[in-house]
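Next come the chains, spelled out residue by residue.
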Amino acid sequence: MFAIINKKIFYILSIVLTIIALFSIFVFKLNPGIDFTGGSVLEVSFPEQKPTQEQIESSIKEFNGGNFLVRSAGENGYIIKTSTIDDTTKKSIENAISQNGQIKFVEEKFITVGPTLGEELTSNALLAVLMIVIAITLYVAYVFRSVSKPVSSWKYGFATIIALIHDVILTIGFFAILGKFFGVEIDALFVTAILVVLGYSVNDSIVVLDRVREKLKNTKEELRQSQFTELVGKSLVETVARSLNTTITTLLSLVALYFFGGEATKNFALALIVG
């Protein structure tokens, strides 16, 4: 019953965090990666002597004037992101970072994404999120159709959507802050992470609501109104341990993935940790 008795504290906390997240999203904005904007990504590793990031940036800057981004990849590599380039330009960049062949490196990956594909991915991502939200609302309303008192069945679906939107906004706002101050970009894996967060958010909501439904069914209809708050509180108490255990075990795996996984999955793991 702690959450019910102190619900105003949790409401205020959620509202404050949501306002901060919305401010970050609309003021700082997200920092879209190559998956959304289009461009080229070159990943290289240095088996013998790894130059500093400043040396790599200086070499490339002399070549193309600064339209690029360099970040570390593992212990002996770098990921270089630029606007769309052809093979000739790619060879010139490789020549620049190797200092005309003086430094040995291995090309690990090179991909190019056109702006059209980036726009298509953006629209598909938004469509996927919208379809999931609509499907969740209809599903919850249908499941709770037989328990309409003292709350209409559609309100259960609405409450689920509010919780879902809350979790997603906080995650996106966190990455807007990271993008502003640390240059963190969002990519296709970030969209995947958001969809996973949606799933976990809905799962936790459904567990609680399902317990509420069971208690309402076992309560006389004329008593549901007066005992509704108490029933919700008991439902939370009975399900919080399960939710915490599920969350903690998942969190441990995500933390391990973030610290010991590859560079490509770091932001994916971080998004899930926050979500």
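Position numbers for residues count from 1 along each chain, tracking the sequence in the order it is written. Where local features are concerned, this predicted model is filtered to residues with pLDDT of at least 70; where side-chain atom pairs are given and counted, the filter is 80 or more; whole-chain, interface and lining totals use all residues. Side-chain descriptors were evaluated using all non-hydrogen atoms of the structure, hydrogens and water having been removed beforehand.

(A) Structural context of the packing of aromatic side chains. Working definition: rings of Phe, Tyr and Trp (its six-membered ring) pair if their centres are within 6.5 Å, and the pair is stacked with planes under 30 degrees apart, edge-to-face with planes over 60 apart, and tilted otherwise. Going through the model one piece at a time under the given rule, you end up with seven aromatic pairs. Taking the centre distance of 6.2 Å and the plane angle of 75° together, the rings of phenylalanine 46 and tyrosine 78 count as edge-to-face. With phenylalanine 46 in the loop between strand S1 (39-45) and helix H4 (53-64) and tyrosine 78 in strand S3 (residues 77-82), this residue pair connects regions lying 32 residues apart in the sequence. By the burial criterion, phenylalanine 46 is buried, and tyrosine 78 matches it. Clustering of aromatic rings is evident, with ring pairs tying together Phe23, Phe28 and Phe181. Over the aromatic face of phenylalanine 110 sits the side chain of lysine 90, whose NZ or CZ is 5.3 Å from the ring centroid. The positively charged end of lysine 266 is found above the aromatic ring belonging to tyrosine 258, 4.7 Å away from the centroid. Each helix is a run of DSSP H or I of at least 4 residues and each strand a run of E of at least 2, with the numbering of both proceeding from the N terminus. Burial classes follow relative accessibility: with a 1.4 Å probe on protein chains only, a residue under 20% of its type's maximum area counts as buried, one over 50% as exposed, and anything between as partly exposed. The rule for a charge over a ring is simple: NZ of Lys or CZ of Arg within 6 Å of the ring centre, and within 35 degrees of the ring normal.

(B) Summary view of the side chain of lysine 81. As for its position among the elements, lysine 81 is in strand S3. Under the rule applied, a polar contact is a pair of N or O atoms within 3.5 Å (in protein, one hydrogen donor and one hydrogen acceptor; residues adjacent in sequence only if both atoms are side-chain atoms). Within the structure, lysine 81 has its side chain in polar contact with the side chain of glutamate 185 (distance 2.8 Å). Any pair of residues with heavy atoms lying within 4.5 Å of one another is described as a contacting pair. Setting aside anything within four residues of it in sequence, one finds lysine 81 in contact with Ser40, Val41, Phe68, Leu69, Arg71 and Glu185.

(C) Fine view of the sheet that holds strand S4 (residues 106-113). What makes two strands pair is DSSP finding at least two bridges between them. On the basis of which strands lie adjacent, the open sheet formed by four strands has the order S2-S3-S1-S4 and antiparallel pairing. Both edges of this open sheet fall to strand S2 (68-73) and S4, since each of them pairs with a single strand only. Averaged over all pairs of adjacent strands, the angle between strand axes in this sheet comes to 15°, irrespective of strand direction. For S2 and S3, the ladder comprises six bridges, and the chain directions are antiparallel. Paired with alanine 73 across the strands is glycine 77, a residue of S3. Sitting on the sheet, helix H5 (residues 87-97) touches S1, S3 and S4, and the angle it makes with S1 is about 35°. Between N-to-C directions, angles cover 0 to 180 degrees, with each direction set by a line fitted to C-alpha atoms, over the stretch in contact for helices.

(D) The packing of helix H7 (residues 153-182) against helix H8 (residues 188-217), seen in detail. In the contact formed by H7 and H8, the axes pass within 9 Å of each other and the chain directions differ by 150°. Taken together, H7 and H8 sit at an angle that is classed as roughly antiparallel. Considering how the two elements wind past one another, H7 and H8 form a crossing that is right-handed. Within the contact between the two elements, H7 uses Tyr156, Thr160, Ala163, Leu164, Asp167, Val168, Thr171, Ile172 and Phe175 and H8 uses Phe190, Ile194, Val197, Leu198, Ser201, Val202, Ser205, Leu209, Val212 and Leu216. Along the lines of polarity and charge, the residues of the contact of H7 with H8 split into 14 nonpolar, four polar and one charged. Working rule for angles: under 35 degrees goes down as roughly parallel, over 145 as roughly antiparallel, 65 to 115 as roughly perpendicular, anything else as oblique. Here a crossing is called left-handed whenever its near helix is offset anticlockwise from the far helix by less than a right angle, and right-handed whenever the offset is clockwise. Polar here means any residue other than Ala, Val, Leu, Ile, Met, Phe, Trp, Tyr, Cys and Pro, which are nonpolar, and Asp, Glu, Lys and Arg, which are charged; Gly is therefore polar.

(E) Quick peek at the nonpolar core. In terms of nonpolar packing, the biggest core is built from 39 residues, with Tyr156, Phe175 and Phe190 touching the most fellow members. Elements with a minimum of two residues in this core: helix H2 (7-28), helix H6 (115-143), H7, H8, helix H9 (221-260) and helix H10 (266-274). The element best represented in this core is H8, accounting for 11 residues. When sequence neighbours within four positions are dropped, the list of residues in contact with phenylalanine 175 reads Leu30, Val184, Ile186, Phe190, Asn267, Leu270 and Ala271. Formed by 13 residues, the second largest nonpolar core is a distinct cluster that contains Phe46, Ile56, Val70 and Ile103. Among buried residues, those of type Ala, Val, Leu, Ile, Met, Phe, Trp, Tyr and Cys that are joined through side-chain atoms within 4.5 Å constitute a nonpolar core.

(F) Broad picture of H5. Restricting attention to buried positions, one finds in H5 the residues Lys90, Ile93, Glu94, Ala96 and Ile97. Seen from one end, H5 has its buried residues packed into an arc of 160°, which puts them on one side. In H5, the exposed positions that point more than 90 degrees away from the buried face belong to Thr88 and Lys91. Phi for glutamine 99, located one or two positions after H5, is positive at around 55°. As used here, the arc is the angular range of directions from the helix axis to the C-beta atoms.

(G) Representation of the pattern of salt bridges within the structure. One side-chain nitrogen of Lys or Arg within 4 Å of one carboxyl oxygen of Asp or Glu is enough to make a salt bridge. Counted by the stated rule, this structure contains five salt bridges. A salt bridge links glutamate 43 to lysine 109; its shortest N-O distance comes to 3.9 Å. One end of the pair, glutamate 43, is in strand S1; the other, lysine 109, is in strand S4, and 66 residues separate them in sequence. Two residues, glutamate 107 and lysine 90, come together in a salt bridge whose shortest N-O distance is 2.9 Å. Here glutamate 107, found in strand S4, pairs with lysine 90, found in helix H5; they are 17 residues apart in sequence, far enough to count as distant. The class for glutamate 107 is partly exposed, based on a relative accessible area of 37%.

This is a description of form; function is not addressed.
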